[in-house]
Amino acid sequence: MEHIGLNQLREMFLSFYQDKEHYRRGSFSLVPEKDKSLLLINSGMAPLKPYFAGLETPPAPRMTTCQKCIRTGDIDNVGHTSRHGTFFEMLGSFSFGEYFKKESIEWGWEFMTEKLGLPPEKLWVTIYEDDDEAFELWKDMIGIPPERIVRLGKEDNFWEIGTGPCGPCSEIYYDRGEAFGCDKPDCRPGCDCDRFVEFWNHVFTQFNKENDGSYTPLAKKNIDTGMGLERLACIMQDVDSIFAVDTIRYILDGVVEMAGIPYQAGQAPTDISLRIITDHIRSVVFMIADGILPSNEGRGYVQRRLLRRAARHGRLLGIEKGFLTKLAQRVIETSGEAYPELKNKQDYIKQILSIEETKFSDTIDQGNGLLNDAIRRMKAENKTVLSGEEAFRLYDTYGFPIELTDEILREEGFTADEARFRELMQIQRETARAARKTETDDGWAENQPLLDGQPETEFLGYSDLTSDSRIIQIFKAEGAVDRVGEGETATLLMDRTPFYAEGGGQTADRGRLTGPAGQADVLAVSKTHGVFSHKIKVGQGELRIGDNLIAEVDRSLRHSTARNHTATHLLHKALKEVLGEHVSQAGSAVGPDSLRFDFSHFEAVSKKDLKKIAGRVNEAIIAFLEVTVTETDIDSAKKAGAVAQFDEKYSDQVRVVAIGDYSRELCGGTHVQNSGQIGSFKILSESGVAAGVRRIEAITGQRVLEELNKREETVRQAAEIVKANPDQLLTRLSAMNDEIKTQRRELDEMRNQSLADDAAGLLRDAKTINGIPLITKVYDGLDANELRLAADKIRELATSGVLVLASRHPDKVNFLVAVTDDLLEKGYHAGKIVKQVAAAAGGGGGGKADLAQAGGKDPTKIDEAFTAASEAISSLA
Ligand SMILES: [Zn+2]
Ligand SMILES: [Zn+2]
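Quick summary incoming for the structure in this document. Computed from a prediction, not measured in an experiment: that's the story for all the values here. (Residues numbered from 1 in each chain as written. Chains lettered and ligands numbered in written order. Predicted model: local features only at pLDDT ≥ 70, side-chain atom pairs only at ≥ 80, totals over all residues. Heavy atoms only, no water.)

1. Here's the deal with the overall build of the protein chain
Next up, step 1: When helices and strands are counted, the protein chain shows 24 helices and 35 strands.
Next up, step 2: The C-alpha atoms of the protein chain give 39 Å as radius of gyration, which overshoots the globular expectation for 877 residues (29 Å, by more than 25%).
Next up, step 3: Overall size of the protein chain, expressed as C-alpha extent along the three principal axes, is 130 × 85 × 70 Å.
Next up, step 4: Taking all 877 residues of the protein chain together, the buried fraction comes to 49%. (Helix = DSSP H or I, 4+ residues; strand = E, 2+ residues; numbered from the N terminus. Rg over C-alpha atoms; globule rule 2.2 N^0.38 Å. Buried < 20%, exposed > 50% of the residue type's maximum accessible area, 1.4 Å probe, protein only.)

2. Some thoughts on the side chain of Arg558
Next up, step 1: Within the secondary structure layout, Arg558 lies in helix α16 (residues 555-579).
Next up, step 2: A residue is classified by how much of its surface remains accessible, and Arg558, at 6% relative accessible area, is buried.
Next up, step 3: In terms of polar contacts, Arg558 uses its side chain to reach the backbone carbonyl oxygen of Gly461, at 3.0 Å.
Next up, step 4: Once you skip the residues sitting within four places of it in the chain, Arg558 turns out to touch Gly461, Leu465, Pro498, Tyr500, Asp509, Val553 and Thr670. (Polar contact = N/O pair within 3.5 Å; in protein donor to acceptor, adjacent residues only side chain to side chain. Contact = heavy atoms within 4.5 Å.)

3. Describing the pattern of salt bridges
Next up, step 1: For the structure on display, the rule yields 55 salt bridges.
Next up, step 2: Here the salt bridges share partners, and the residues they tie into one network are Arg304, Arg308, Glu356 and Lys359. (Salt bridge = Lys/Arg side-chain N within 4 Å of Asp/Glu carboxyl O.)

4. Some remarks on the coordination of the zinc ion (ligand 1)
Angles at a metal have ideal values that depend on geometry: 109.5 degrees with four tetrahedral donors, 90 or 180 degrees with six octahedral donors.
Next up, step 1: For the zinc ion (ligand 1), the full set of protein donor atoms is Cys182 (SG), Cys187 (SG), Cys191 (SG) and Cys193 (SG), at a range of 2.2 to 2.3 Å.
Next up, step 2: Seen from the zinc ion (ligand 1), its 4 donor atoms lie at angles of 102 to 122 degrees, and the figure they make is tetrahedral.
Next up, step 3: When the donors of the zinc ion (ligand 1) are listed by position in the chain, the intervening gaps give C-x4-C-x3-C-x1-C. Both residues of the pair, Cys187 and Cys193, belong to the buried class. (Donors = N, O, S within 2.8 Å, 3.2 Å for Na, K, Ca; no water. Tetrahedral: all angles 85-135°; square planar, octahedral: opposite > 155°, others 65-115°.)

5. Side note on unusual backbone geometry
Next up, step 1: Here the phi dihedral of Glu21 falls at roughly 60 degrees; this positive angle occurs in a residue that is not glycine.
Next up, step 2: In this structure, Asn770 takes a positive phi of about 50 degrees despite not being glycine.
Next up, step 3: For Asn770, the position within the fold is in the loop between β30 (767-769) and β31 (772-780).

6. Let's talk about the sheet that holds strand β32 (residues 802-808)
In sheet architecture, strand pairing relies on hydrogen bonds along the backbone and comes in two forms, parallel and antiparallel.
Next up, step 1: Spatially, the 6 strands line up as an open sheet ordered β30-β31-β32-β33-β35-β34, and their pairing is mixed. In this open sheet, the two edge strands, each paired with only one partner strand, are β30 and β34 (844-847). Here the strands of the sheet are splayed against their neighbours by 20 degrees on average, with no regard to which way each runs.
Next up, step 2: Bridge count for strand β33 (residues 813-819) against strand β35 (residues 851-856) is 6 bridges, and the pairing is antiparallel. Paired with Phe815 across the bridge in β35 is Ala854.
Next up, step 3: Across the face of the sheet, helix α23 (residues 830-840) comes into contact with β32, β33, β34 and β35 while running at roughly 150 degrees to β33.
Next up, step 4: Packing against the sheet, helix α24 (residues 862-876) makes contact with β30, β31, β32 and β33, and its axis sits at approximately 160 degrees to β31. (Pairing = 2+ DSSP bridges. Axes fitted to C-alpha atoms, helices over the stretch in contact; angles between N-to-C directions.)

7. Re the coordination of the zinc ion (ligand 2)
Next up, step 1: Every protein donor of the zinc ion (ligand 2) is listed here as His565 (NE2), His569 (NE2) and Cys667 (SG), and their distances to the metal cover 2.0 to 2.4 Å.
Next up, step 2: Within one chain, the residues serving as donors to the zinc ion (ligand 2) are arranged as H-x3-H-x97-C. One end of the pair, His565, and the other, His569, are both in helix α16, 4 residues apart, so they sit about a helical turn from each other.
Next up, step 3: Judged by its relative accessible area of 4%, His565 falls in the buried class.

8. What to know about the pairing of β31
Working note: regular strand, side chains alternate between the two faces of the sheet.
Next up, step 1: Where β30 lies against β31, 3 bridges are found, and the strand directions are antiparallel. Bridging from a neighbouring strand, Ile769 pairs with Ile772 of β31.
Next up, step 2: The turn joining β30 and β31, which pair antiparallel and follow one another in sequence, is formed by 2 residues; a positive phi near 50 degrees is taken by Asn770.
Next up, step 3: As judged from the 7 bridges shared by β31 and β32, these two strands associate in the parallel manner.

9. Focus on the side chain of Glu171
Next up, step 1: Examined against the element boundaries, Glu171 turns out to sit in strand β7 (residues 164-175).
Next up, step 2: Buried charge Glu171 goes without a salt bridge, the closest partner of opposite sign being Arg231 at 7.2 Å.
Next up, step 3: Residues in contact with Glu171, not counting those within four places in the same chain, are Trp124, Val125, Thr126, Asp156, Asn157, Glu198, Trp200 and Asn201. (Lys, Arg positive; Asp, Glu negative; His and termini not counted.)

10. Structural notes on the sheet that holds strand β23 (residues 585-590)
Next up, step 1: Pairing within the open sheet is antiparallel, and its 4 strands lie in the order β23-β24-β29-β28. Taken across any chain shown, the strands that pair with only one partner, and hence form the sheet edges, are β23 and β28 (681-690). Taking each pair of neighbouring strands and ignoring which way they run, the sheet shows an average axis angle of 15 degrees.
Next up, step 2: Pairing of β23 with strand β24 (residues 595-600), which is carried by 5 bridges, proceeds in the antiparallel orientation. Directly across from Ala589, in β24, lies its bridge partner Arg596.
Next up, step 3: Together, β28 and β29 (693-700) form the strand contacts of helix α17 (residues 607-622), whose direction differs from that of β28 by roughly 135 degrees.
Next up, step 4: Against the sheet, helix α19 (residues 701-721) contacts β28 and β29, and its axis sits at roughly 90 degrees relative to β29.

11. Description of the environment of Glu720
Next up, step 1: Its location among the elements puts Glu720 in helix α19.
Next up, step 2: Considered as a pair, Glu720 and Glu603 are 117 residues apart in the sequence and their alpha carbons are 40 Å apart.

12. What to know about the nonpolar core
Next up, step 1: Counting residues in hydrophobic clusters, the biggest one holds 113 residues, and the most contacted among them are Trp138, Phe199 and Leu353.
Next up, step 2: When residues in this core are grouped by element, the largest group, 10 residues, is from helix α12 (residues 346-380). (Core = buried A, V, L, I, M, F, W, Y, C linked by side-chain atoms within 4.5 Å.)

13. Comments concerning the environment of Ala551
Next up, step 1: Positionally, Ala551 belongs in strand β22 (residues 548-553).
Next up, step 2: Since its relative accessible area comes to 0%, Ala551 is described here as buried.
Next up, step 3: With residues up to four places along the chain from it excluded, the contact list for Ala551 reads Leu465, Thr466, Ser467, Ser469, Met494, Pro498, Phe499, Arg512 and Leu513.

14. Side note on the pairing of β22
Next up, step 1: Burial of the side chains of β22 is restricted to one face: Leu549, Ala551 and Val553 are buried, whereas none of Asn548, Ile550 and Glu552 on the reverse face is.
Next up, step 2: Summarising the sheet, strand β13 (residues 466-476) and β22 pair through 5 bridges and their orientation is antiparallel. If you follow Ser467 over to β22, its bridge partner there is Ala551.
Next up, step 3: In this structure, strand β18 (residues 511-514) lies alongside β22, joined through 4 bridges in antiparallel fashion.

Function cannot be read off these values alone, since they describe shape.
The structure is reproduced here in structure tokens:
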């Protein structure tokens, strides 16, 4: 069999299916775009689920991809075995209701035997026990001997998750030979030994599982095949470790080089570290390229965990810090051809890696020291469990993910009190939340616990802005009450409401409640477990439990907010188009006045790009794109293998908000019906809020007009001041600027000249004391520099003498004393003289022998100061 490199195998597969009229598409992002129940894309099929579920039309009925995937379920095994990795690539061929079993099997066989040259006698297949159709195809059409077609049960060869589309599958195995076998007589695919390697799964989705457990045939049957590229490479390169595959070995060799430690492909601790670093750097580089930034939650946390684990194993190998950034280059080199985003973003990838690596390397040694102390102490005290407090401190202060602490402890046979750790995490989270609440809420947060057990509120606000509602609870700061009177505030629960509660970055609606006995303003609305609480202030009369009300949302505010929210979606899309796919939403705040959007991006956005982004958004606005909202059930997404992880929680129903074909996002907010209603969009500012996170603030609709009017008015007023028409303002200003420069130059020249004239006159008028010329002069309002300039002019002309200058200000006087060089030898000292001079005017100071400045408080005492100068000179004579 021919040795084929991994990159070449990928290309062979994709072009093979392209020849079979499959639409060849690049890998989808690791970040699921439409499926919020999934943290990271973990199979070739995952990003195609909307097509299989019939929610969206695929770009073509046949497709082929090589999908980058990350799975962290087996992360603890990574490094300890030669097969586990968090990052892998999956080759796939797909049919959306077009061809079926026959073609899938036929082409699969053709690719394996004719393209790859795998010997037919080495290939075995398994099928679902009841799938006679597949059996016939393998036996009669392909000609595989029946004894090499193994029938297996539901758990092995039937794909289904809950109810919905499902079907049998057929897996293809490669026989590595008896040498790898267990010698049992029934050794065959499905056996626990290493002889048979499963490498390609063909799923035949042909049934729909109903709620009663029965199966009905699907009208449109689908094909979904998946083959691990690394595993195929192992077969084609005749190796039994993914770390021996050409491209991965190249990365591992990089680590070996930096560590100066050979790789022995075994179980030595250094081998384990080498494999961990090799695998993790692949995941991390691909994640950064897809816009994932290290953080404390969700996929950002997964990334941080991988990165810090790799950094720690680098320490164990004695590699200097900064090595992951260098190693990233090898990943980019080996995979950059197939995944151009790695090449395009290589600087960005390295910058992010470097920031995170530096951040952790600053604390890793301290953390390690702390942990080693704890381990020593535990040994001495015969304990095996690290306290939750210590694990938490390692996390909170030294940045050790709990999984990393756990791994280090396990190496010693110890564990951490994870339950206590989680408890402390929870407390910290709640404290932070409470701190946020008390900042903004006046007692209304205290009522939140009272909401437990309350019936869910019916929310009408997606379609209605008014409703007939009934009051079912009233809370005041002291607890539940049955009425609230004029001028009072309270929290109110109603059976149904048109008010949108704050959430998803969108502010709550405001509005008015009108009851039989009074009226109140709705100031804020929040939602807890489906219960809407309305913070109200009674304007007139009173509201009572059981009152039937008319609830009205303030339409103008709602529509302004909707304009800003829909514009946020357009902005998100435009940012991705202009800056790149790495842009992902980091946060948003949408209210009636403006919108704010935070996103991941490494550097400031240029003026040119900002203009382009705003241009895209405005194009989408004037294109009058219809905004459509569809509700789907998250279960249908989840049952295809999706699992929610970490703290992310999802309700059963998800809303998909689409703006024409331009943008599509999961969102629970309120939107305009057509992008045209946004009117216009203007970016006010772009700034940085954290490492790798930028913020754009913008306005829409009427606000843009107001802003432009305001600016126009400023321009008009400015023009008026300079007596020009607004459209001549720039010419006028630059002419004025030139004029000012010329005038300033002329003025400087004049002053120079007058200082020089002055100097000559002063020298002529100088008094002589004991044969030493004393030159004095009073100026009005010169600052220290100007005074100095005047002194210089005089000194240019004076060959010998003492110079005392005063500058008079309304509430003070500045003095300057200068002494010519010939007098310095005779003991005249400007610093000493200025001290006496200033003292005469109620001040003080001093300085060097040739030049000194000082201040006095009393400008009326200048004459006295000059007299003091004369005395100082005569006393020295
Ligand atoms: Zn066996
Ligand atoms: Zn939204």
